[in-house]
Amino acid sequence: MDLFDAIHEMRRLSKEGVPFSFSFMSCNLSKGSSDGIIEVSKARLIARESAAYHVNADFVERYMDLSTGEPRHFYQILLISFNGQMVTLQ
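Quick caveat, the model's predicted, so the values are computed rather than measured. Residue numbers restart at each chain and count upward from 1, following the sequence in its written direction. It should be noted that, the model being predicted, local features are given only for residues of pLDDT at least 70 and side-chain atom pairs only at 80 or more, the latter also being counted only at that level, while totals for whole chains, interfaces and linings use all residues. Derived side-chain values reflect all non-hydrogen atoms in the structure, with water molecules and hydrogen atoms excluded from consideration.

**Points about the overall build of the protein**
And step 1. Helix and strand assignments come from DSSP, with helices taken as H or I runs of at least 4 residues and strands as E runs of at least 2, each series counted from the N terminus. Helix and strand counts for the protein stand at one helix and six strands.
And step 2. When its helices and strands are written in sequence order, the protein yields α-β-β-β-β-β-β.
And step 3. As a reference, a globule follows 2.2 Å times the number of residues to the power 0.38, and the radius of gyration itself is taken over C-alpha atoms. Scaling as 2.2 N^0.38, a compact globule of 90 residues should have a C-alpha radius of gyration of about 12 Å, and the protein matches this with 12 Å.
And step 4. Dimensions of the protein, computed from C-alpha atoms along their principal axes, come out at roughly 30 × 25 × 25 Å.
And step 5. Working definition: with a 1.4 Å probe on protein chains only, accessible area under 20% of the residue-type maximum means buried, over 50% means exposed, and in between means partly exposed. Taking all 90 residues of the protein together, the buried fraction comes to 31%.

Below you can see the structure in the form of structure tokens.
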């Protein structure tokens, strides 16, 4: 599945209130580190941050991890899978 198709589908499902699963490579730019691959079993996207609050807001998706109740975020380009399908950049 193409990256931008996956993001589009995540947004559509989130608007409909349908949870989905995905995985991504973690990235902490301020620390220059990663915790490896993060697997999220049940999530929905939430409102994106504005550029005033996050320098890379155009490339970051915020989500609610429905298993933990925590709001989190990931960089779009680091998305690995969506609902069991591998994500590619075409």
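Now that the structure has been shown, we can carry on.
**Points about the packing of aromatic side chains**
Pairs of aromatic rings are described using the distance from one ring centre to the other and the angle between the two planes.
And step 1. In summary, the pairing rule links any two rings of Phe, Tyr or Trp, Trp by its six-membered ring, whose centres are within 6.5 Å, and it sorts them by plane angle into stacked for under 30 degrees, edge-to-face for over 60 and tilted for everything else. Evaluated as defined, the whole model comprises eight aromatic pairs.
And step 2. Ring geometry for Phe 22 versus Phe 24: centroids 5.8 Å apart, planes at 20 degrees, classification stacked.

**A word on the pattern of salt bridges**
Two side chains that carry opposite charge are able to pair once their charged atoms sit near each other.
And step 1. In what follows, salt bridge is the name for a side-chain nitrogen of Lys or Arg lying within 4 Å of a carboxyl oxygen of Asp or Glu. For the structure shown, the criterion picks out three salt bridges.
And step 2. When the shortest N-O distance is used, the salt bridge between Glu 61 and Arg 11 registers 2.5 Å. On the criterion of sequence distance, the pair formed by Glu 61 in strand E3 (residues 60–65) and Arg 11 in helix H1 (residues 3–15) is long-range, its members being 50 residues apart.
And step 3. The exposure class assigned to Glu 61 is buried, which follows from its relative accessible area of 1%.
And step 4. By relative accessible area, which is 33% here, Arg 11 ends up partly exposed.
And step 5. Linking Arg 12 and Glu 16 is a salt bridge whose minimum nitrogen-to-oxygen distance equals 2.9 Å.
And step 6. The exposure class of Arg 12 is partly exposed, given its relative accessible area of 34%.
And step 7. A single network of salt bridges, built from pairs that share partners, joins Glu 9, Arg 12 and Glu 16.

**Concerning the sheet that holds strand E2 (residues 37–46)**
And step 1. Strand pairing follows a simple DSSP-based rule, namely that at least 2 bridges must link the two strands. The antiparallel open sheet is built from six strands, whose spatial order is E4-E3-E2-E1-E5-E6. Either end of the sheet is taken by a strand with one partner, and the two such strands are strand E4 (70–75) and strand E6 (85–86).
And step 2. Across four bridges, E2 lies against E3 in antiparallel orientation. Along E3, the bridge assignment pairs Ala 43 with Asp 65.

**Structural notes on a nonpolar patch on the surface**
And step 1. A surface patch of nonpolar side chains, amounting to about 330 Å² of accessible area, comprises Phe 4, Ile 77 and Leu 89.
And step 2. Here Ile 77 shows up in the loop between E4 and strand E5 (79–82). Only residues whose relative accessible area exceeds 30% and that form no salt bridge enter a patch; like-charged residues are grouped when within 9 Å of one another, and nonpolar side chains (Val, Leu, Ile, Met, Phe, Trp, Tyr) when within 5 Å. We get accessible surface area from the Shrake-Rupley algorithm with a probe of 1.4 Å; when it comes to residues, only the shown protein chains can shield them.

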